[in-house]
Amino acid sequence: MAKKTIRLKAKEAKGITTVKALMEHAMESGNRKDKKTGKKIPGHFIQEVVCETGGKTVMTALWGGGVSKNPYLSFQFKGAAKGDVLKLSWVDNQGNSDSLEAKIR
Amino acid sequence: MSIDMQRRLFLRGSLAAGAMGLAIGAGLLAPRAVLAAWPKQAFEAKKLPEAMQVLLGGDQAAKSGDIKLKVPEIAENGAVVPVKVSTSIENVESITVFAVNNPVPLVSSFQFGEGAVGLVATRIKMGKTSDVVAVVKAGGKLYSASETVKVTIGGCGG
């Protein structure tokens, strides 16, 4: 994918790293109908978001179609230092994926 | 009545057949759930206890005052409802967010590795006014907190 779909920020303070991420995605739930054709719009949403640092997975988010369009995600974890690399990747139900690395500041 | 409506009614009727249908459904879905890390079955459950049972291994969670669930009292736009869950419970394994009245109550589940702090924030869609339930799994036990969010414009229908 040419265009990056992720914006990722990670900041460490007092041993706790705060991660904030925005992803660009339609997050189509699969319950909506096309008003013109009356047909259901097929679901297209991110199913899994994985955050890793130092070879360890710190957080896995399992998502359904109930997460908002262009999803926002924030969480905290302990045990990382400034300068460590955090990697966030997502996979959607149609097999698309993207990932991005960011240095923890 | 359109064909689609009839189909809806048929689906409802077959759901009402109850436990029998559920058991068959579970049996059919189980192998797929094993193959994929993503718990398809839990994300297809139409009722909160069912989704909890599949995903977290129990449909009962103790109400806990140690969970702070921050949601708006009134959501003007159901397509974007900010949800923030924080907890002081130790050893958090996962935090799961449910919107009880959504077509699929299970919205999002966050599974933590080592060093979990017990804070997540995200934005969810809500079809109509509903309780939002946060379930925290820690040390193999389930704790929950819930808040009602009034939705003026739904975000799930078309």
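Structure shown above.
Every value quoted in this text rests on a predicted model; they were computed, and no experiment measured them. (Residues numbered from 1 in each chain as written. Chains lettered and ligands numbered in written order. Predicted model: local features only at pLDDT ≥ 70, side-chain atom pairs only at ≥ 80, totals over all residues. Heavy atoms only, no water.)

J.: Please give an account of the overall build of chain A that cites residues and values.
T.: Along the backbone of chain A there are 0 helices and 7 strands. Seen through its C-alpha atoms, chain A measures out along the principal axes to roughly 55 × 25 × 20 Å. Across chain A, the fraction of contacts at a sequence separation of at least 24, relative to all contacts at a separation of at least 6, is 54%. Carbon and sulfur atoms form 49% of the exposed surface of chain A, whose accessible area is close to 5600 Å². Treating the 20 positive side-chain charges of chain A as one cloud and the 10 negative ones as another, the clouds have centres 7 Å apart. (Helix = DSSP H or I, 4+ residues; strand = E, 2+ residues; numbered from the N terminus. Contact = heavy atoms within 4.5 Å. Areas by Shrake-Rupley, 256 points an atom, 1.4 Å probe, with all protein chains shown as cover. Lys, Arg positive; Asp, Glu negative; His and termini not counted. Charge placed at Lys NZ, Arg CZ, Asp CG, Glu CD.)

J.: Summarise the interface of chain A and chain B; cite the residues concerned and give the values.
T.: Contact residues are listed per partner, giving 33 residues for chain A and 32 residues for chain B. Roughly 2600 Å² is buried in total at the junction of chain A and chain B, and carbon and sulfur atoms are behind 52% of that figure. In this structure, the connection of chain A to chain B is made through 1 salt bridge. Across the contact surface, chain A and chain B share 15 residue pairs in polar contact (both at pLDDT 80 or more). (Buried area = accessible area lost by both parts, 1.4 Å probe. Salt bridge = Lys/Arg side-chain N within 4 Å of Asp/Glu carboxyl O. Polar contact = N/O pair within 3.5 Å; in protein donor to acceptor, adjacent residues only side chain to side chain.)

J.: Run through the sheet that holds strand E4 (residues 81-87) of chain B, naming residues and quoting values.
T.: Pairing within the open sheet is antiparallel, and its 6 strands lie in the order E1(A)-E2(A)-E5(A)-E7(B)-E4(B)-E2(B). Lying at the two open borders of the sheet, with one neighbouring strand each, are strand E1 (6-13) of chain A together with strand E2 (67-70) of chain B. Here the strands of the sheet are splayed against their neighbours by 10° on average, with no regard to which way each runs. Alignment of strand E2 (residues 16-23) of chain A against strand E5 (residues 72-78) of chain A, held across 7 bridges, turns out to be antiparallel. Across the sheet, residue Ile-16 of chain A finds its bridge partner in E5 of chain A, namely Lys-78 of chain A. (Pairing = 2+ DSSP bridges. Axes fitted to C-alpha atoms, helices over the stretch in contact; angles between N-to-C directions.)

J.: Any details on a positive patch on the surface? Residues and values, ideally.
T.: Taken together, the side chains of Arg-7, Lys-9, Lys-11, Lys-20 and Arg-105 of chain A together with Lys-70 and Lys-84 of chain B present a region of like positive charge at the surface. Per element, the largest residue contribution to the positive patch is 3 residues, and it comes from E1 of chain A. Position of Lys-9 of chain A relative to the elements: it lies in strand E1. (Patch = residues over 30% accessible without salt bridge, like charges linked within 9 Å, V, L, I, M, F, W, Y side chains within 5 Å.)

J.: Quick one: what's the story with the pattern of salt bridges, residue by residue and with numbers?
T.: Residues and elements named next belong to chain A. Enumeration according to the criterion identifies 4 salt bridges over all chains in this entry. Note that Glu-12 and Lys-82 form a salt bridge whose closest N and O atoms lie 3.4 Å from each other. You can see Glu-12 sitting in strand E1 and its partner Lys-82 sitting in the loop between E5 and strand E6 (85-92), a full 70 residues away along the chain. By relative accessible area, Lys-82 is classed as exposed at 55%. A salt bridge links Glu-28 to Arg-32; its shortest N-O distance comes to 2.6 Å. Judged by its relative accessible area of 32%, Arg-32 is partly exposed. (Buried < 20%, exposed > 50% of the residue type's maximum accessible area, 1.4 Å probe, protein only.)

By themselves, these observations are geometric and do not establish any function.
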